[in-house]
Amino acid sequence: MSERPQVHPVFLCGGSGTRLWPLSRKSYPKQFAAILGDESLFQGSARRLTGEGFSDPIVVTGDPYRFVVGEQLTTLGVRPDALMIEPEGRNTAPAILAAALWQEKSDPEALMLVAPSDHVIPDHAGFREAVFAATNRALEGDLVTFGIRPDRPETGYGYLLLADDGNPASDTPQKLASFIEKPDADAAEKMVADHRYLWNAGIFLFKVRTLVEAYKAHAPEVLTGVRRAVDAAKGDLGFIRLDAAAWATVPDISVDYAIMEKAGNLSVMPYGGKWSDLGSWEAVWQDSNPDGDGMVVSQNATAIDCKGSLLRSESDRLELVGIGLTDTVAIATSDAIVIAPRAESQRVKEAVAALKARGARQATEFPRDFRPWGWYESLAMGSRFQVKRIVVHPGASLSLQSHHHRSEHWIVVEGTARVTVNEDVKLVTENESVYIPLGAVHRMENPGKFPMVLIEVQTGSYLGEDDIVRYEDIYARA
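Residues numbered from 1 in each chain as written. Predicted model: local features only at pLDDT ≥ 70, side-chain atom pairs only at ≥ 80, totals over all residues. Heavy atoms only, no water.

An unreviewed UniProt entry lists the chain under the name mannose-1-phosphate guanylyltransferase, from Palleronia abyssalis. The UniProt entry for the chain carries the following text under Catalytic activity (unreviewed entry): "alpha-D-mannose 1-phosphate + GTP + H(+) = GDP-alpha-D-mannose + diphosphate". (UniProt positions renumbered as here; feature names shortened; annotations may be inferred.)

See the structure below:
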């Protein structure tokens, strides 16, 4: 058997996080959440495209997620080839091109596989075989997209129309006739019955040189700005920061509109295995193996005389109980609950828009705020006080900092903290506490091998997160 060509995975890791609200939000979108099983969707994507035949991945993400990406890859033992930071989201065409231009520096003939980081493909081995079956066509100069054989009419996906002689059951790439926008219900019914249509998975395989030539021909304005942003990129703690000024000039456009719907060298690799982009709570219900009554019930949730429903509580402090429900989703976090008919669950984005209009922080902010050193969550808040639980990873350290408007009282409840207060440095163990006066220069570190947990009580006239003056920070935050 001939040696397989090396495939370079590229993961797109942005997103607004509205479709699975309240579990997914802008501050912590769905790809980082453990929605099905113990691993996040991003980790599942990385595991799926790791191993023989695959190189270390390139990840394109936003600044708020850079440390989460690194931490979740480290947990898997995956070392990224490059972790690229977009100054702002500009849709998929610029993000994909940025990864390609970075790869071009070392190997313009490299094969790149671009994949969203929030899809579910349970058969990892089967999907890898589909990727390798498409490599010859990509090496010959085609832009290969992946199409999923549909098992139902679906209005939430775009479709791919094969050429007249195309075979949707083939195990080799087929000629692609056109892209179809998300259809209405009647059109979706007809397309599924036609058998020449596949769902558009938004996954692409191509040579770097082929893609760059496609941008030259069909989207030169995107190529100009992205090349400037990549050429002027700067390293930052192992991350690659694209140049913000150049990036701001790049059009906000999807790769489908910019390239794929214009190029003539297109083919599609059919894939018949299970696939989902988990685009709604309805999809989560479908992929969660409902029981004989059609029920999916999480820990901290109880169903009484319910059918065809998804009951999910993400908080061990909130018990969710459904009584007599049919075809319903009820999702609870510690600070928000959504209840809707299963068939209407895609409308949660309307709820997010309404909450944004009211200025509700739940629209975009997750209860847990993830930081490079760990995470924290607010347990109680008043006009002049706030109580937080703070978890610090082993070996991690908060910045050396001070506050103008608040003092803090730290109580260690698990592990040991090394605490700096002005010139004083000491170890604080379980059931011990330390007081941080207003204006004191202080730092907290976890010198141990296990997570350290403490309770922080803040008091003062202003408790916002922007009341931080940083003097030293190992994560180079301003």
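With that settled, consider the overall build of the chain. Assigned secondary structure in the chain consists of 12 helices and 28 strands. Its C-alpha atoms give the chain a radius of gyration of 24 Å, within 12% of the compact-globule value 23 Å for 478 residues. Seen through its principal axes, the chain has C-alpha atoms that stretch 75 × 60 × 45 Å. Within the chain, buried positions represent 53% of all 478 residues. Across the chain, every contact between residues at least 6 apart in sequence was considered, and the portion connecting residues at least 24 apart equals 69%. When the accessible surface of the chain is totalled, it reaches about 21300 Å², and 49% of it is carbon and sulfur. Both charge centroids of the chain, one from 49 positive and one from 65 negative side chains, sit 3 Å from each other. (Helix = DSSP H or I, 4+ residues; strand = E, 2+ residues; numbered from the N terminus. Rg over C-alpha atoms; globule rule 2.2 N^0.38 Å. Buried < 20%, exposed > 50% of the residue type's maximum accessible area, 1.4 Å probe, protein only. Contact = heavy atoms within 4.5 Å. Areas by Shrake-Rupley, 256 points an atom, 1.4 Å probe, with all protein chains shown as cover. Lys, Arg positive; Asp, Glu negative; His and termini not counted. Charge placed at Lys NZ, Arg CZ, Asp CG, Glu CD.)

Another aspect to go through is the pattern of salt bridges. Here the structure, examined in full by the defined rule, presents 34 salt bridges. When salt bridges that share partners are traced, they join Asp63, Arg66, Asp236 and Arg241 into one network. (Salt bridge = Lys/Arg side-chain N within 4 Å of Asp/Glu carboxyl O.)

Most of the time, phi is negative for any residue but glycine, and the peptide bond is trans. Residue Pro22 is bonded to the preceding Trp21 through a cis peptide linkage, with omega at 10°. Looking at the secondary structure, you find Pro22 in the loop between strand S1 (7-13) and helix H1 (41-48). A positive phi angle, near 55°, is found at Asn289, a position not held by glycine. As for its placement among the helices and strands, Asn289 is situated in the loop between helix H11 (281-286) and strand S12 (296-297). A relative accessible area of 63% means that Asn289 is categorised as exposed.

Together, Ile304, Val321 and Ile323 make up a nonpolar patch on the protein surface, roughly 290 Å² of accessible area in all. Along the chain, Ile323 falls in strand S15 (residues 320-323). (Patch = residues over 30% accessible without salt bridge, like charges linked within 9 Å, V, L, I, M, F, W, Y side chains within 5 Å.)

Attention now goes to the sheet that holds S12. Sheets are built from strands paired through backbone hydrogen bonds, the pairs being either parallel or antiparallel. Pairing in this open sheet of 4 strands is mixed, and the strands run S12-S14-S16-S17 from one edge to the other. Strands at the two margins of the open sheet, each flanked by one partner only, are S12 and strand S17 (337-341). Note that S12 and strand S14 (residues 310-313) share 2 bridges and pair parallel. In the strand pairing of S14, Val296 is matched with Leu310. (Pairing = 2+ DSSP bridges.)

To continue, consider the pairing of strand S16 (residues 328-332). Taking burial as the measure, the 5 residues of S16 include 5 buried ones, the bulk of the element. Here S16 shows a buried face lined by Thr328, Ala330 and Ala332 and a second buried face lined by Val329 and Ile331. Strand direction decides the pairing type here: S16 and S17, joined by 5 bridges, are antiparallel. Following the sheet pairing, Thr328 is matched in S17 by Pro341. In sequence, S16 turns back onto S17 through a hairpin of 4 residues.

Moving on, we come to the UniProt feature "domain: Nucleotidyl transferase" (unreviewed entry) in the chain. When the UniProt feature table is mapped onto this chain numbering, "domain: Nucleotidyl transferase" (unreviewed entry) sits at residues 9-288. With 34% helix and 22% strand, residues 9-288 has end C-alpha atoms that lie 27 Å from one another.

Before going further, it helps to spend a moment on the UniProt feature "domain: Mannose-6-phosphate isomerase type II C-terminal" (unreviewed entry) in the chain. Sites flagged by UniProt as "domain: Mannose-6-phosphate isomerase type II C-terminal" (unreviewed entry) map to residues 366-473. From the first C-alpha to the last, residues 366-473 spans 24 Å; its make-up is 0% helix and 58% strand.

Counting 91 residues, the largest nonpolar core has Leu113, Phe146, Trp281 and Met444 as the members making the most contacts within it. Excluding residues that lie within four positions of it along the chain, Leu113 makes contacts with Val7, His8, Pro9, Val10, Leu49, Phe54, Val131, Phe146, Ile203, Phe204 and Leu205. Core analysis: the next-biggest nonpolar cluster, separate from the first, contains 48 residues, Ala93, Val212, Ala219 and Ile240 among them. (Core = buried A, V, L, I, M, F, W, Y, C linked by side-chain atoms within 4.5 Å.)

What follows is about the side chain of Asn200. Examined against the element boundaries, Asn200 turns out to sit in strand S8 (residues 197-207). A polar contact is formed between the side chain of Asn200 and the side chain of Asp256, at a distance of 3.3 Å. Residues contacting Asn200, with those up to four places away along its chain left out, are Thr145, Phe146, Gly158, Tyr159, Leu160, Phe179, Asp256 and Trp275. (Polar contact = N/O pair within 3.5 Å; in protein donor to acceptor, adjacent residues only side chain to side chain.)

With that out of the way, let us pick up the packing of helix H3 (residues 92-104) against helix H8 (residues 220-231). Between H3 and H8, whose axes approach to 9 Å, the crossing angle comes to 55°. As judged from the angle between their axes, H3 and H8 are oblique. Note that H3 runs across H8; the crossing there is right-handed. Across the interface between the two elements, Pro94, Leu97, Ala98, Leu101, Trp102 and Glu104 of H3 pack against Val222, Leu223, Val226, Arg227 and Val230 of H8. Of the residues belonging to the contact of H3 with H8, the class tally is 9 nonpolar, no polar and 2 charged. (Axes fitted to C-alpha atoms, helices over the stretch in contact; angles between N-to-C directions. Parallel < 35°, antiparallel > 145°, perpendicular 65-115°, else oblique. Left-handed = near helix turned anticlockwise from the far one by under 90°. Nonpolar A, V, L, I, M, F, W, Y, C, P; charged D, E, K, R; others polar.)

Since the α-helix turns once every 3.6 residues, residues separated by three or four places project in the same direction. Helix length check: H8, at 12 residues, gives a terminal C-alpha distance of 16 Å against a target of 16 Å (1.5 Å per residue), a fit within 8%. Buried residues of H8: Val222, Leu223, Gly225, Val226, Ala229 and Val230, and no others. (Expected span 1.5 Å × (residues − 1).)

Our next topic: the domain arrangement of the chain. What the domain assignment lists for the chain is domain 1 (7-271), domain 2 (282-345) and domain 3 (368-472). Centre-to-centre separation of domain 2 and domain 3, based on C-alpha positions: 36 Å. (Domains from an automatic or database assignment.)

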